[in-house]
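A look at the structure
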Number of protein chains: 2
Amino acid sequence: MNYPNGIKKNITTKAKSTNDSNLSHKNRGMTLEGELNVTNEYYRDIDKAYIYKKPTPIKIVKVDYPSRDKAVIKEAYFTIPSTTDYNGLYNGYYIDFEAKETISKTSFALNNIHPHQIEHLKNINKHNGISFLIVRFTTLNMTFLLTTEKLLKYMEETSKKSIPVDFFKQEGYLIKDGYTPRIDYLKIIDELIGGKHNG
Amino acid sequence: MNYPNGIKKNITTKAKSTNDSNLSHKNRGMTLEGELNVTNEYYRDIDKAYIYKKPTPIKIVKVDYPSRDKAVIKEAYFTIPSTTDYNGLYNGYYIDFEAKETISKTSFALNNIHPHQIEHLKNINKHNGISFLIVRFTTLNMTFLLTTEKLLKYMEETSKKSIPVDFFKQEGYLIKDGYTPRIDYLKIIDELIGGKHNG
């Protein structure tokens, strides 16, 4: 359970890549992380937003230096991330989110997110940043954006250890698959910002 | 030259730790990175800002799995960071900066910052984020905050490969050493924000 998100996701994807037939050709073989990376790259290319995936946090124990300007890490361990995977800047707004995949057809298990990550999302919200989750139900081939407000609302109102897909359908935003960008989540952020301004 | 900033700084510090006598007791043995980490931790503790150092970017080549829930990285390499070391959220503002130490008494060599990092700082500025450099002249025991505007101004107006300490004194902001927080750079950001609003 203490694999970093990236690695974990890759393993999950490899594990299910044999029964991907129910996924669209567009998505087959590409993880949510991969699609978010090309999406964020596209946002940068068109000078729209500067959002990056943070490097995987690791604890380096042993490093060899075969030559002066070369270093090889010989022993290191994955550490639990203290924050979320993605953050950056969009039109003056601080953006911060965590992205997860699940093969479940019915619900998203909350133990996919570390408690301190939820605390982090809460703090970002409180200090006028924009924080949310992006959750893909790979088997259903549906990707949702769920705001931190809705996530916290759910966790306060229920003691359940997972969020049913219906909650995402009702309280979240379905992110339609596209080509450029692959996952246009900023389109939803635009709605949210607009809503805030109107409200 | 392709060590990551963190590692590089540690090596530098170890290298100079023998002739630290001219550094104040408060700073002796603590790197700029270390002081920024405790400062950012303090900002979080008092619920003032949520700014973190990004993990060191590495390319993982070989991972062993001695047991199901244990992973050991056996071969990995440091990669050049695509962005800056620090970013986060302060009162709705996106904060982004790079921090460097130099043992030079006279100037800060620009090759300490990768061109794409400068490009990144420029992009952050353009999109209404707050970006800057924090540069410590360890031998002089002086730490400066230099805004991206001033950095770009200098690079446009001169073809020099280094920034003299006098430029930092004139165009930058001296960050006074403290205890809590150790390096109160947000105090300077408050001035900059206030200035913007008044201007």
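Before reading further, recall that the structure is shown in the block above.
Residues numbered from 1 in each chain as written. Chains lettered and ligands numbered in written order. Predicted model: local features only at pLDDT ≥ 70, side-chain atom pairs only at ≥ 80, totals over all residues. Heavy atoms only, no water.

Along its length, chain A carries six helices and ten strands. Considering only contacts within chain A whose residues lie at least 6 apart along the sequence, 65% involve residues at least 24 apart. Accessible surface, chain A as shown: approximately 9,400 Å² in total, 52% of it carbon and sulfur. (Helix = DSSP H or I, 4+ residues; strand = E, 2+ residues; numbered from the N terminus. Contact = heavy atoms within 4.5 Å. Areas by Shrake-Rupley, 256 points an atom, 1.4 Å probe, with all protein chains shown as cover.)

Take the relation of the copies chain B and chain A next. The transformation that overlays chain B on chain A combines an axial shift of 0.0 Å with a rotation of 180°, and the residual RMSD is 0.0 Å. What the rotation and shift describe, once combined, is the action of a two-fold rotation axis. (Least-squares fit on C-alpha atoms with pLDDT ≥ 70 in both.)

As a further point, take the packing of helix 3 (residues 115–126) of chain B against helix 4 (residues 148–157) of chain B. Residue and element names in this part refer to chain B. For the pair helix 3 and helix 4, the least separation of the axes is 10 Å and the interaxial angle reads 125°. Relative to helix 4, helix 3 is oriented oblique. The interaxial crossing formed by helix 3 with helix 4 has left-handed handedness. The residues of helix 4 that touch helix 3, namely those facing Ile118, Leu121, Lys122 and Asn125, are Thr148, Glu149, Leu151, Leu152 and Met155. Each residue belonging to the contact of helix 3 with helix 4 can be placed in one class, and the counts come to five nonpolar, two polar and two charged. (Axes fitted to C-alpha atoms, helices over the stretch in contact; angles between N-to-C directions. Parallel < 35°, antiparallel > 145°, perpendicular 65-115°, else oblique. Left-handed = near helix turned anticlockwise from the far one by under 90°. Nonpolar A, V, L, I, M, F, W, Y, C, P; charged D, E, K, R; others polar.)

The subject of this paragraph is the interface of chain B and chain A. Of the residues lining the interface, 44 residues belong to chain B; the matching set on chain A comes to 44 residues. In this assembly, chain B packs against chain A so that about 3,600 Å² is buried in total across both faces, 60% of it on carbon and sulfur atoms. Contact with chain A buries surface across chain B, with B:Ile73, B:Leu89 and B:His127 losing the most and accounting together for 16% of the total. Residues B:Lys126 and A:Asp47 are paired through a salt bridge, measuring 2.4 Å at the closest nitrogen-oxygen approach. Inspection of the chain B/chain A interface yields nine residue pairs in polar contact (both at pLDDT 80 or more). Put simply, the parts of the chain that give the side of chain B that touches chain A at least two residues each are helix 1 (5–16), strand 1 (50–53), strand 2 (58–67), strand 3 (70–78), strand 4 (86–90) and helix 3 of chain B. For the side of chain B that touches chain A, the element with the highest residue contribution is strand 3 of chain B, accounting for nine residues. In terms of residue class, the side of chain B that touches chain A is made up of 21 nonpolar, 14 polar and nine charged. (Buried area = accessible area lost by both parts, 1.4 Å probe. Salt bridge = Lys/Arg side-chain N within 4 Å of Asp/Glu carboxyl O. Polar contact = N/O pair within 3.5 Å; in protein donor to acceptor, adjacent residues only side chain to side chain.)

Our next topic: the sheet that holds strand 3 (residues 70–78) of chain A. The strands that make up a sheet are held in pairs by hydrogen bonds between backbone atoms, and each pair lies either parallel or antiparallel. What the four strands build is an open sheet, ordered 2(A)-3(A)-3(B)-2(B); its pairing is antiparallel. Each edge of the open sheet is held by one strand with a lone partner, namely strand 2 (58–67) of chain A together with strand 2 of chain B. Between one strand axis and the next, the sheet turns by 20° as a mean value, whatever way the strands run. Pairing of strand 2 of chain A with strand 3 of chain A, which is carried by seven bridges, proceeds in the antiparallel orientation. Paired with A:Ser67 across the bridge in strand 3 of chain A is A:Lys70. (Pairing = 2+ DSSP bridges.)

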